[in-house]
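Secondary and tertiary structure notes
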Amino acid sequence: MKKVEAIIRPFKLDEVKIALVNAGIVGMTVSEVRGFGRQKGQTERYRGSEYTVEFLQKLKIDLVVEDDQVEMVVDRIVEAARTGEIGDGKIFISPIDQIVRIRTSEKNLDAI
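Notes on the structure follow. Everything quoted here is computed from the prediction, not taken from an experiment.

Regarding unusual backbone geometry
Positive phi, close to 65°, is recorded for Ser105, a residue that is not glycine. Tracing the sequence through the fold places Ser105 in the segment after strand 6 (89-95). The phi dihedral of Asn108 falls on the positive side, at around 55°, and the residue is not glycine. Considering the arrangement of structural elements, one finds Asn108 in the segment after strand 6. Note on Asn108: relative accessible area 28%, which makes it partly exposed.

The following block contains the structure:
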């Protein structure tokens, strides 16, 4: 099993969710996060004054999938989240050793 973490633009969430649900993915966790990458923030104007927003708002989607689903999930996220501009986000893939459902004590694939 693998954990897929995707950092995306907030307005792309619905498109990513629809793409994943249509691909048969049944669960995900979404968190609001802030950060910066190569763009190092952005300059905004408010009432004639310029100021720099150092940490940009993003969303982090976490999901756990079977090993053979990883490439398909990554492809779906990339297709749905891409705008072609700096700041589209990143996808991180990590191994998962074990999953336990708290309510029933089911483990691994049964717990998903």
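Resuming the write-up.
Some details on the sheet that holds strand 2 (residues 29-35)
Read across the sheet, four strands follow the order 2-5-1-6 without closing on themselves; strand pairing throughout is antiparallel. Where the open sheet ends on each side, the last strands, each with one partner, are strand 2 and strand 6. Averaged over all pairs of adjacent strands, the angle between their axes in this sheet comes to 20°, without regard to strand direction. Packing of helix 1 (residues 13-22) onto the sheet brings it into contact with strand 1 (2-8), strand 2 and strand 5 (56-65), and relative to strand 5 it is tilted by some 10°.

Things to note about the environment of Val26
With respect to the helices and strands, the residue Val26 is situated in the loop between helix 1 and strand 2. Spatially, the C-alpha atoms of Val26 and Val64 are 9.9 Å apart, while their sequence positions differ by 38 residues.

Quick notes on the side chain of Glu5
Along the chain, Glu5 turns up in strand 1. The residues contacting Glu5, other than those within four sequence positions of it, are Lys60, Ile61, Asp62, Lys90, Ile91, Phe92 and Ser94.

The rules behind these values
- Residues numbered from 1 in each chain as written.
- Predicted model: local features only at pLDDT ≥ 70, side-chain atom pairs only at ≥ 80, totals over all residues.
- Heavy atoms only, no water.
- Helix = DSSP H or I, 4+ residues; strand = E, 2+ residues; numbered from the N terminus.
- Buried < 20%, exposed > 50% of the residue type's maximum accessible area, 1.4 Å probe, protein only.
- Pairing = 2+ DSSP bridges.
- Axes fitted to C-alpha atoms, helices over the stretch in contact; angles between N-to-C directions.
- Contact = heavy atoms within 4.5 Å.

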